[in-house]
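Coordinate inspection notes
Chain by chain, the residues:
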Amino acid sequence: MQLVRLVKPARTWKEAYLSFYEEWKKSQEPMVPWVISIEPYDFEEMLTFLSNQENGVDLPEGWVKSSTYWLVNANEQVIGAVNIRHDLNEHLFNAGGHIGYGIRPSARGNRYAATMLALALEQAKELGIIKALVVCDSDNIASKRTILRNGGTPDKDYVEEDGNLVNRFWIEL
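If you're wondering where the values come from, they're calculated on a predicted model, not measured in any experiment.

Across its full length, the chain carries five helices and eight strands. In sequence order, the secondary structure elements of the chain are arranged as β-α-α-β-β-α-β-α-β-α-β-β-β. For 173 residues, the compact-globule estimate of 2.2 N^0.38 gives 16 Å, and the C-alpha radius of gyration of the chain, at 15 Å, lies within 12% of that figure. C-alpha atoms of the chain, sized along the principal axes, occupy 40 × 40 × 35 Å. Per-residue burial for the chain yields a buried fraction of 45% across its 173 residues. In the chain, the share of contacts with a sequence separation of at least 24, taken over all contacts with a separation of at least 6, comes to 58%. Looking at the chain as shown, the accessible area adds up to about 9300 Å², and 49% of this sits on carbon and sulfur atoms.

Structural data, given as structure tokens:
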């Protein structure tokens with residue numbers, strides 16, 4: 001596997017991020033984490049939104065601060081995104097967790113998700129999180145393996161209103 005690193009969203013990553021976004025959009029798969037569903041064509045506006053999320057500026061009621069990072073490979077391609085919620089509200093405690101992450105379709109199967117989650121856990125620790133909740137849908141076997149590889153301890157599952165079963169895991173930092 002190539003060397004990868006987390007970067008903060010910035011203007012310098014515009015073309016690489018647009019490629020990431022457009023590939024995901026073309027795949028018609030659900031966009032995970034949720035922040036990648038934000039259209040990036042007004043890139044400055046998107047960067048401002050992400051900065052506001054991190055700094056707690058203009059957060060909608062019931063939202064928590066969150067930090068977004070992009071996973072970049074040695075070829076300077078954005079191959080993944082991770083969103084770290086600084087705190088948990090009731091919804092996040094049940095079905096969202098502290099960390100949401102996703103790898104672009106063409107880069108899957110290379111254990112990038114496990115590496116990205118490990119890097120995100122380091123960032124979460126720097127934010128003062130001592131025990132991170134990470135969740136996945138019960139049918140997402142790859143994500144479940146990724147969480148377990150990073151020390152996830154299973155907790156009680158949660159059933160969403162639509163009947164979807166969410167597996168919940170705690171990771172000590």
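Here we come to helix α1 (residues 14-27). Between the first and last C-alpha of α1 there are 20 Å, a value that for 14 residues agrees with the 20 Å anticipated at 1.5 Å per step. Residues of α1 that are buried: A16, Y17, L18, F20, Y21 and W24. Contact partners of the buried residues in α1: α2 (43-55), β2 (66-73), β3 (78-85) and β4 (99-103).

Further remarks concern the environment of A74. Counting through the fold element by element, A74 comes out in the loop between β2 and β3. It is 8.5 Å that separates the C-alpha atoms of A74 and R5, two residues lying 69 residues apart in sequence.

Right, let's talk about unusual backbone geometry for a bit. A cis geometry characterises the amide bond from V32 onward to P33, with omega recorded as 5°. Relative to the elements of secondary structure, P33 occurs in the loop between α1 and α2. One non-glycine residue with positive phi stands out, namely D58, at about 55°. Counting through the fold element by element, D58 comes out in the loop between α2 and β2. According to the relative accessible area criterion, D58 is exposed, its value standing at 68%. At R111, a residue that is not glycine, the phi angle is positive and equals roughly 65°.

What follows deals with helix α4 (residues 112-126). Helix length check: α4, at 15 residues, gives a terminal C-alpha distance of 21 Å against a target of 21 Å (1.5 Å per residue), a fit within 8%. Burial in α4 covers these residues: Y112, A113, A114, M116, L117, A120, L121 and A124. Downstream of α4 by a residue or two, G128 has a phi angle that is positive, lying close to 95°.

What follows concerns the nonpolar core. Note on soluble globular proteins: their nonpolar side chains tend to be buried together. By size, the foremost hydrophobic cluster in this structure holds 25 residues, and its most contacted members are L71, V82, I84, I99, Y101 and I147. Elements supplying a minimum of two residues to this core: β1 (4-7), β2, β3, β4, α4, β5 (131-137) and β8 (165-172). The element that contributes the greatest number of residues to this core is α4, accounting for seven residues. In contact with I84, other than residues within four places in its own chain, are K65, S66, S67, Y69, H98, I99, A120, Q123, A124, L127 and I129. If you look at the next biggest cluster of nonpolar residues, it comprises 19 residues, including W13, A16, M31 and W70.

The rules behind the values
- Residues numbered from 1 in each chain as written.
- Predicted model: local features only at pLDDT ≥ 70, side-chain atom pairs only at ≥ 80, totals over all residues.
- Heavy atoms only, no water.
- Helix = DSSP H or I, 4+ residues; strand = E, 2+ residues; numbered from the N terminus.
- Rg over C-alpha atoms; globule rule 2.2 N^0.38 Å.
- Buried < 20%, exposed > 50% of the residue type's maximum accessible area, 1.4 Å probe, protein only.
- Contact = heavy atoms within 4.5 Å.
- Areas by Shrake-Rupley, 256 points an atom, 1.4 Å probe, with all protein chains shown as cover.
- Expected span 1.5 Å × (residues − 1).
- Core = buried A, V, L, I, M, F, W, Y, C linked by side-chain atoms within 4.5 Å.

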